[in-house]
Each structure stands twice: as structure tokens, then as C-alpha cells.
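Topology and contacts: notes
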Amino acid sequence: MNTYEQDLALSRDIAALVADAGGRAYYVGGFVRDGLMGVACKDIDIEVYGISPDGLRSLLSRLGEVYDRGASFGVLGLRHSDIDVAMPRTESRTGERHTDFDVSVDPFLPPERACLRRDFTINAMIQDVLTGEVKDFHGGREDLQRRIIRCVSPQTFVEDALRAFRAAQFAARLGAEIEPETRKLCASMDVTHLSVERILGETEKALLKAEKPSIYFRQLQAMDHLKEFFPELAETIGVKQNPKFHPEGDVFTHTMLTLDEAAKLRSRAEYPLGFMLSALLHDLGKCVATQVQEDGRITAYGHEVLGLEMVERQLRRITNNERLIAYVKNQTELHMRPNMLAGAKSKKKKTRMLFDLSVCPNDLILLARSDASGKLDEPYDENTELWLRERLEDYRACLKRPMVTGQDLIHAGLRPGKDFGELLRRGRMLHFSGLEKGVALRQLLGEYQKMQEINSDMNKN
């Protein structure tokens, strides 16, 4: 029995104890929504009615060690499980932070009233743990079937501005439409006080779980909420491209197409979140590099390098993860090269050097494929990836062959110094050119000797 099955069994044990004590336990939130869609939800949340807080803690202690998962919200957990066990509550906002709520736990609150604090109707259904009966007080089942994102209560909905991003995220994950009045409420919210961690959380769900993550960003655009956390991305709207190569339209349109193509490949990526963010931000440089030439041609020469500052600025609005930022910048800078080298059937030295520059060659190939597919011209040529994969295998095989190391240079009589790093980089290039280690070492030593002679002559003069 895996962990999920164990938690399901434990949830039934909890419900049985609660029922024996005169209460009722219900699954709530995403567990019910996903269950109705035929999808297993690993996040098991239970709400217990008719049992006092002390009574609930006492019941749970019979099944394991109880701890507070969210003391201010009346949420308990068992040390050996991932189940959240909560009591019905009402909430009212007291400040701008996401923790600024006045929470009142009421185990005898009617379920239909308790569900009013939920964000969307599709998340406001509850399901009896023991009988499986679903109670739907706000039309959530119908909205789920029709793929509509609708707020439960306009009065309570606006109390948490993150719900604007959640609406966009669910629209993307479910391929749903946001109900017009709900969209208006989302557009009216002041989201500037939201933490970057919460924004990244919703963005990550859209990027990693949606079939078409572009819906998330298009919905934010429709709400006029790209400007707060994605202003650099918003700058791509209206930036023209050469219609010969990009008949789909502006940079934003191309980016959205590329993002959806990347979603088809993310299961093959070694770093899925970084890969998807690279697809999202790969062409930011066109905002600063795009020019209209005298003959009317639209160009964006060097955009992959010129945009790196924008890429980092955009990333730091939503994360401080240095590894993630370094990965995306690296992928962005190199994203043009795989397809160019494949198109030119370049020599092995060039592909070896490219893959050596990449923090993740596998994902770079996938990014280049997404970029080439995010257009409305000819379909992607599968032979391009096949060629690049063959070259990646060649690069990996090349790395296994002996190459000059710093220790080799020391054994040859050189002292570590300012020229050491350059010599090693040169040695790597010679290795990728196909030179055997001994030959490369002799050439390096010869070059080093010449450098020393030049420096000596300069010092004499």
C-alpha cells in the first residue's frame, strides 16, 4: 500500500471515529473537484463537523501524534500522514497580508455557510468520507462540467487578492472560462501586496499542470494583472516580428505558442519548471533588440544576449532561487544555437562546444524545438531533434575521453596562476576539436611557452 492509499484508509478511520462521536467528516476542496473529474488528488483535506476542537484533537490522538498544521486556522495533522484535518470556520480580512484574517472556528456551522468562504464553486463542494455523497450548495458540479470558473460569494471573494491568479491558474489547468462577473472582481483587486512566493506558487501550477499554460497569462492580461508581476513579459505585447519567419504575429503571441509547445515536452525535461520559464522568457530580448531596417525588414539581432538583463529582472520579481535564475538565463542565451547548428549541419566541434556551455543540453534541445514549433508556418522537422540528439551523444562520449587537466599542467612544470584558467579552456577546445590528450598537452605547452616569451620581451621593453 503506497502513501496515498494509506492516507485514504486513514481518512476513513478518522471519519469512523468522528461518526461514533456524533460528528461528520467531509472531504473538501480539490480532492472533491478532482475526484469528480476522475483524477486522483494527492492533497487530502478533511473538514470535521459537530466535534469540539478539544474533542477532535482527542479523537485524532488515538490514531497517531497530533500537531498543529495551521494553528490560527484550526488545522490539525497526524505526524505520519499528509492529511489536513480542519474544522468549519469563518474568515474576515483585517489587513493586506495573506495572513491578515480574523478566523473564527465553529464546529457547528452549517456546511452550506462554511462553504461560502471558498473561492470558486468548483472548490466549494464537500463529500462525505464514509458514504461518498457529494453536497453541492453553489452549483459547483455544473460549473465543473461546463468548465466555468465562478466565485462563490462576491462579498468574501475579494478579501484575498491571490484569487485573481488562482482564477487564471484554474482556467489554464481545466481549459475553462472565467465567468464575466468573476473576472471583473479579479480585475478590480489590488494585487501589489501579494508575496512573490504566492505568485510563483500559482504560476508554477499553471506552467507544470496545464495543457495550455498560455491561458494563465492571457487571463492575467485580460484582467490587466500582468503589469504587477510580469511587466517584462507584458512588454512583448505589440512587439513586431518578421512575418516571413513569424506569421503568427507579435512576440507575445509567439511566446504563448512556444509555451504551449513546451508543455507538450516538459515531461522529458530534466528541470521542468526552469524549462517552462525559459520558454516563457526566451524572447524578452526582442523588446530591446527589434529594429526595422531601411528595406522594411524587421530584425532582432542578438536578442538572446541583449535580453538577459530583462530575463533576470523578470525572474527576480517572482523568485530568489539562484539556481533557477542561472538555468533560465543560460537557456535563454543559447536557445537560438541548436537549430542554427542543425540547419547548417555544423561540425562536431561546434555542437560539442555548445553543449559544454549549456547547464542542461537535454532541456536546451527541447527549448529549441518549442521555439521552432511556436510559429504558424511549416511544422517542426523531427530530423532536427534526431540530429541534435546524435550530437549530444557524441558530446557525452567525447567527455568520457581523457582531456588535459590542471594536474597535467602542474606535472609539466607550470605553476598555477592567472593563465591557468585560459590554458584549461583552450585545452577543452582542443579536446572538442578531436585532439588526443597527449597532442593537446604538447600544443598547450608550446602556446604557453610563446606567451611567456612575449611577456618577457614586453617587460624588457
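The following refers to the structure shown.

**Digging into the overall build of the chain**
When its secondary structure is counted, the chain shows 25 helices and 13 strands. Here the chain has a C-alpha radius of gyration of 29 Å; the compact-globule value for 461 residues is 23 Å, and the former is much larger. The contacts of the chain with a sequence gap of at least 6 include a subset with a gap of at least 24, amounting to 66%. Here the chain displays about 22,400 Å² of accessible surface, and carbon together with sulfur accounts for 49% of that area. One finds the centroid of the 65 positive side-chain charges in the chain at a distance of 6 Å from the centroid of its 70 negative side-chain charges.

**Considering the pattern of salt bridges**
A side chain with one charge can pair with a side chain of the opposite charge if their charged atoms come near. Scanning all chains against the criterion turns up 36 salt bridges. A salt bridge links Glu65 to Arg79, with the nearest nitrogen and oxygen atoms 3.6 Å apart. Of this pair, Glu65 sits in the loop between helix H3 (53-61) and strand S3 (66-70) while Arg79 sits in the loop between strand S4 (75-78) and strand S5 (84-86), placing them 14 residues apart in sequence. Take Glu65: its relative accessible area is 48%, and that puts it in the partly exposed class. For Arg79, a relative accessible area of 48% puts it in the partly exposed group. Taken together, the salt bridges that share partners define one network made up of Arg268, Arg369, Glu382, Glu385 and Arg389.

**Side note on the environment of Asn2**
Here Asn2 is to be found in the segment before helix H1 (3-20). Sequence separation between Asn2 and Leu341 is 339 residues, and the spatial gap between their C-alpha atoms is 46 Å.

**Here's the deal with the side chain of Ser373**
Along the chain, the position of Ser373 falls in helix H21 (residues 361-373). Setting aside chain neighbours within four positions, we find Ser373 in contact with Glu261 and Tyr380.

**Some thoughts on unusual backbone geometry**
Only a minority of non-glycine residues have a phi that is not negative, and only a minority of peptide bonds are not trans. Of note, the phi angle at Arg147 is positive, near 55°, even though the residue is not glycine. Within the secondary structure layout, Arg147 lies in the loop between helix H5 (140-146) and strand S10 (148-149). Given the relative accessible area of 31%, Arg147 is considered partly exposed. Positive phi, normally seen in glycine, also occurs at Asp224, with a value near 65°. Relative to the helices and strands, Asp224 resides in the loop between helix H10 (214-222) and helix H11 (226-229).

Conventions and cut-offs
- Residues numbered from 1 in each chain as written.
- Predicted model: local features only at pLDDT ≥ 70, side-chain atom pairs only at ≥ 80, totals over all residues.
- Heavy atoms only, no water.
- Helix = DSSP H or I, 4+ residues; strand = E, 2+ residues; numbered from the N terminus.
- Rg over C-alpha atoms; globule rule 2.2 N^0.38 Å.
- Contact = heavy atoms within 4.5 Å.
- Areas by Shrake-Rupley, 256 points an atom, 1.4 Å probe, with all protein chains shown as cover.
- Lys, Arg positive; Asp, Glu negative; His and termini not counted.
- Charge placed at Lys NZ, Arg CZ, Asp CG, Glu CD.
- Salt bridge = Lys/Arg side-chain N within 4 Å of Asp/Glu carboxyl O.
- Buried < 20%, exposed > 50% of the residue type's maximum accessible area, 1.4 Å probe, protein only.

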